[in-house]
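Listed here are the chains, written in short residue letters.
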Amino acid sequence: MYVLLSIIFLFLLTTGLQYYLTWQGIEKELQARARIEMNVNNERNKQLKNEVELAVNSSAIAYEQQLDHPEQMSEMLVMLVRNNPHVSRSCVAFIPNYVKPDLRLYAPSAQRKNGEITRRLLSVDYTQTEWFGKVTSSGLTCWSEPYTDNNEDYLVKTTYAVPLKNSNGVVVAVLACDVPMTELSQVGTDIQRSISSRTKLIMAIQVLVLVLIGLVLWRATSSIRRIEKVEREKSRITDELNMARGIQAKIVPVELPQTDKLETSASLISAHDVSGDFYDVLLQGDRLFFCIGDVASHGIGASLAMLVTRSVYRTVVRHEVSPAQIMTEMNGALGELNENQMFASLFVGMLDLKTRAFHYCNAGHRPPFLITPTTGVETIEADPNVPVGISEWEFTEQSCQLEKGTTIFLSTEGLIEVTNGHGDPLGIKKLTLHLKNGAEAGDTTQQLVQRIEGVVHRHVMDAVINDDITMLAIRLK
């Protein structure tokens, strides 16, 4: 807006300057041509001057007799203009404060225009004119240099001035008669009319430009207001996201159970400000309950759905032991709350640390990997079932016996599907290979999770992670 306002100011300044310089140039050109005309037509001008000088000089005595009665001079000036066709205007210009002490300038005049003669007092400061200055300073008659009168359509004229003296011989007024230079006056009038018409066109264009600039200003102001509104909304959303991120960070467990029989580690990489992935690990006596889930959406809605799902899980798991029963109760509770048709894939497991019996139930989630000392890396067999929150379903529970040193590695689909800059996913084969390398290197669960995080970042490089990535590793010692 400051730039646009500066442009408008410069635009108006240059326009005014152009207009002023144009008319100044015209005025100087007309005056120069008038001087040339006076030299070229010397004989004709000499005759004209003689006629004007004779008429003015012969009447000067009558004006001097009326110096103390200036109000009576108007009729005399009218007669002077009427009897001399070469004179366009006559006036008696008194020296400052002569007529009245409190009246600085007084100059009655008579002017011929459009065939009529009118009377009025001069409204200009005639003391600044050439003819008044010469006559009052020298006491002699004079002819002025040709000049243009801007108040009369740029009329080119010259003025003959005669001093009027009081009884003491002091010049107290000047009798002046304007003599138009007909040919150049017509030229000046024609130029003035031509430029006036062009000036009107230019001014119309400039007004249009100003309207367009005003429209731009209005649009810019509206845009600024919209941007400010968007910024306020963005700030509000950012605050809400920060609050949601803080709540989510407190809900997702940081301190995981570690015993002489158990080792656990986890990681959650959010693709957005808040995550729709979640995990939970709860040790109750010799039983370890754990789950991992993925809400089928992104953003704040998915985050809220995740919070609800995790809260329902924590509520149910405290009084249920069977993973299938846990899943069934969660499905019923979430189905009643799920007005927006959000659902979550979920894997729930219960590990008996005494017997190493592993009971689990899957709800549309990717089955975890088992990393054993004897068989290496393999995917556990799990019935798919349906995600929780969709419809009523009879969930099936499965179980297996784990050997000592076995690691359960769970993840969400974001880990398998994460892509590089060429759109190539990480895939199960590469993930299995790196899990095998970790097992052969004797990684702890924390080292294993960190190894896979490094694999993800090297695979992605400068590309954008589009889905949340969650990992959970549990090892029986």
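Residues numbered from 1 in each chain as written. Predicted model: local features only at pLDDT ≥ 70, side-chain atom pairs only at ≥ 80, totals over all residues. Heavy atoms only, no water.

Engineer: An account of the overall build of the chain is needed here, citing residue identities and associated values.
Structural biologist: A count of helices and strands for the chain gives ten helices and 17 strands. Within the chain, buried positions represent 44% of all 477 residues. Of the contacts made within the chain by residues no fewer than 6 positions apart, 65% connect residues no fewer than 24 positions apart. With an accessible surface of roughly 25500 Å², the chain has 55% of that area assigned to carbon and sulfur atoms. (Helix = DSSP H or I, 4+ residues; strand = E, 2+ residues; numbered from the N terminus. Buried < 20%, exposed > 50% of the residue type's maximum accessible area, 1.4 Å probe, protein only. Contact = heavy atoms within 4.5 Å. Areas by Shrake-Rupley, 256 points an atom, 1.4 Å probe, with all protein chains shown as cover.)

Engineer: Describe in detail the confidence of the model for the chain, supporting the description with residues and values.
Structural biologist: The share of residues in the chain with pLDDT of 70 or more is 87%, and the mean pLDDT across the chain is 86. Every residue in residues 183–188 is under pLDDT 50, and counting partners more than four places away or in other chains gives 15 contacts. (pLDDT = per-residue confidence, 0-100.)

Engineer: If you had to explain a nonpolar patch on the surface to someone new, which residues and values would you point to?
Structural biologist: On the surface, Val207, Leu208, Val211, Leu212, Leu215 and Trp218 cluster together to form a nonpolar patch covering roughly 610 Å² of accessible area. Given a relative accessible area of 51%, Val211 falls into the exposed group. (Patch = residues over 30% accessible without salt bridge, like charges linked within 9 Å, V, L, I, M, F, W, Y side chains within 5 Å. Salt bridge = Lys/Arg side-chain N within 4 Å of Asp/Glu carboxyl O.)

Engineer: Any details on helix H3 (residues 73–83)? Residues and values, ideally.
Structural biologist: For H3, the set of buried residues is Met73, Ser74, Leu77, Val78, Leu80 and Val81. In an axial view of H3, the angular spread of the buried residues amounts to 160 degrees, which keeps them on one side of the axis. (Arc of directions from axis to C-beta.)

Engineer: Any chance you could break down the pairing of strand S3 (residues 116–121) for me, citing the residues and the numbers?
Structural biologist: The sheet contact formed by strand S2 (residues 108–113) and S3 spans six bridges and is antiparallel. For Gln111, the partnering residue across the bridge sits in S3 and is Thr118. Counting the residues in the hairpin turn of S2 and S3 gives two residues, including Asn114, whose phi is positive at 55 degrees. (Pairing = 2+ DSSP bridges.)

Engineer: Please provide a residue-by-residue account of helix H4 (residues 130–138), values included.
Structural biologist: All buried positions along H4 are accounted for by Trp131, Phe132 and Val135. Relative to the axis of H4, the buried residues are bounded by an arc of 95 degrees and lie together on one face. At the N-terminal end of H4, a side-chain oxygen is found 3.5 Å from the backbone nitrogen of Phe132, two or three residues along, and the residue is Thr129. A positive backbone phi angle near 75 degrees is found at Gly139, which sits one or two residues after H4. (Polar contact = N/O pair within 3.5 Å; in protein donor to acceptor, adjacent residues only side chain to side chain.)

Engineer: Can you break down the environment of Cys91 residue by residue, with the values?
Structural biologist: Tracing the backbone shows Cys91 in strand S1 (residues 89–94). Judged by relative accessible area, Cys91 falls into the buried class, the value being 4%. Discounting residues that sit within four places of it in the chain, Cys91 has contacts with Leu77, Pro108, Ser109, Leu122, Trp131, Val174, Leu175 and Ala176.

Engineer: Break down the sheet that holds strand S14 (residues 376–379) for me, with residues and values.
Structural biologist: One open sheet accounts for five strands, arranged S8-S17-S16-S13-S14; its pairing is antiparallel. At either margin of the open sheet sits one strand with a lone partner, and together these are strand S8 (262–269) and S14. Strand after strand, the sheet turns through a mean of 15 degrees between neighbouring axes, direction not considered. When S8 meets strand S17 (residues 469–476), the two strands line up antiparallel, connected through eight bridges. When the sheet's bridge partners are listed, Leu262 is paired in S17 with Leu476. Across the face of the sheet, helix H9 (residues 427–440) comes into contact with strand S13 (369–372), S14 and strand S16 (407–411) while running at roughly 30 degrees to S13. Across the sheet, helix H10 (residues 445–460) lies against S8, S13, S16 and S17, angled at about 25 degrees from S8, the strand it touches most. (Axes fitted to C-alpha atoms, helices over the stretch in contact; angles between N-to-C directions.)

Engineer: Tell me about the sheet that holds strand S10 (residues 287–295), and please be specific about residues and values.
Structural biologist: Sheet architecture is open: five strands sit in the order S9-S10-S11-S12-S15, paired in antiparallel fashion. Because the sheet does not close on itself, it has two edges, and the strands there are strand S9 (277–284) and strand S15 (398–401). Pairwise comparison of adjacent strand axes, ignoring direction, gives a mean angle of 15 degrees for this sheet. Direction of pairing for strand S11 (residues 344–352) relative to strand S12 (residues 357–363): antiparallel, over a ladder of five bridges. In the strand pairing of S12, Leu351 is matched with Phe358.

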